Amino acid sequence: MPGNTIGQVALNAGVGVETVRFYERKGLIEQPPRKGKAYREYPAETVRRIRFVVHAKQLGFTLREILGLLSLRSHSVESCDSIKEQAEMKIANIEERIRGMRRMLSTLRKLTQACENREPTAECPLWDVLDEQGYAS
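Being a predicted model, the structure only gives us computed values, none of them experimental.

Cut-off values and rules
Residues numbered from 1 in each chain as written. Predicted model: local features only at pLDDT ≥ 70, side-chain atom pairs only at ≥ 80, totals over all residues. Heavy atoms only, no water. Helix = DSSP H or I, 4+ residues; strand = E, 2+ residues; numbered from the N terminus. Buried < 20%, exposed > 50% of the residue type's maximum accessible area, 1.4 Å probe, protein only. Contact = heavy atoms within 4.5 Å. Areas by Shrake-Rupley, 256 points an atom, 1.4 Å probe, with all protein chains shown as cover. Phe/Tyr/Trp six-rings, centres within 6.5 Å; stacked < 30°, edge-to-face > 60°. Lys NZ or Arg CZ within 6 Å of the ring centre and 35° of its normal. Core = buried A, V, L, I, M, F, W, Y, C linked by side-chain atoms within 4.5 Å. Arc of directions from axis to C-beta. Salt bridge = Lys/Arg side-chain N within 4 Å of Asp/Glu carboxyl O.

A closer look at the overall build of the protein
Each helix and strand counted, the protein has six helices and zero strands in total. The helix and strand sequence of the protein, counted from the amino end, reads α-α-α-α-α-α. Relative to its 137 residues, the protein shows a buried fraction of 22%. Considering only intrachain contacts with a sequence separation of at least 6, the fraction spanning at least 24 residues in the protein is 44%. Accessible area for the protein stands at about 10,500 Å²; split by element, carbon and sulfur atoms hold 54% of it.

Some thoughts on the packing of aromatic side chains
Within this structure, the stated rule accounts for one aromatic pair. Relative to Tyr23, the ring of Phe22 has its centre 6.1 Å away and its plane inclined at 50°; by these criteria the two rings are tilted. We note Lys90 situated over the ring of Phe61; from NZ or CZ to the ring centre the distance is 5.6 Å.

Observations regarding the side chain of Thr46
Within the secondary structure, Thr46 is located in helix H3 (residues 45-58). When neighbours within four sequence positions are excluded, Thr46 is seen to be in contact with Val9 and Ile29.

A look at the nonpolar core
Counting 19 residues, the largest nonpolar core has Val20, Ile50 and Ile66 as the members making the most contacts within it. Elements represented by at least two residues in this core include exactly helix H1 (6-13), helix H2 (17-25), H3 and helix H4 (63-72). Apart from the residues lying within four places of it in its own chain, the contact partners of Ile50 are Val9, Ala13, Val15, Val20, Tyr23 and Ile29.

Describing H2
Here H2 has its buried residues at Val20, Tyr23 and Glu24. Projected down its long axis, H2 carries its buried residues within an arc of 105°, all on one side. Seen from the buried face of H2, the exposed residues on the opposite side, beyond 90 degrees, are Glu18 and Arg25. Buried residues belonging to H2 abut H1, H3 and H4. Following H2 by one or two positions, Gly27 has its phi on the positive side, about 80°.

Considering the pattern of salt bridges
Evaluated as defined, the whole model comprises six salt bridges. When the shortest N-O distance is used, the salt bridge between Glu96 and Arg99 registers 2.8 Å. Taken together, the residues span about one helical turn, with Glu96 and Arg99 both in helix H5 (residues 77-115) at a distance of three residues. By relative accessible area, Arg99 is classed as partly exposed at 40%. Of the charged contacts in the structure, one is a salt bridge between Arg103 and Glu96, with a shortest N-O distance of 3.7 Å. When salt bridges that share partners are traced, they join Glu96, Arg99 and Arg103 into one network.

This is the structure in structure tokens:
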């Protein structure tokens, strides 16, 4: 059975052709050799691998981390423990980001409440905070 063209791979994986090329450049998938002047033929496994990359990205893994996960796939005994360890590290990272976002949300809520019933914008506490952070002009 012949392989898929890059367009077929992209369509079946739910990504664009440029995404397939990008993943090739990043080493996430292999670029098959060209047979003469014909199109490159990708193995069926390529679609599955791209879907894995897309799903891992949706879970918050970086391309570098995904490349590491893909390399673990060829190992049998260690891979599950290693993947679990990486997933636990990702969970800790996400939880820290959530805590940081909750702190930001709390601060913004307090600042917006402090803005109530104030007339001149020059006295707005939001401006003061933004000025301190270098965001206001």
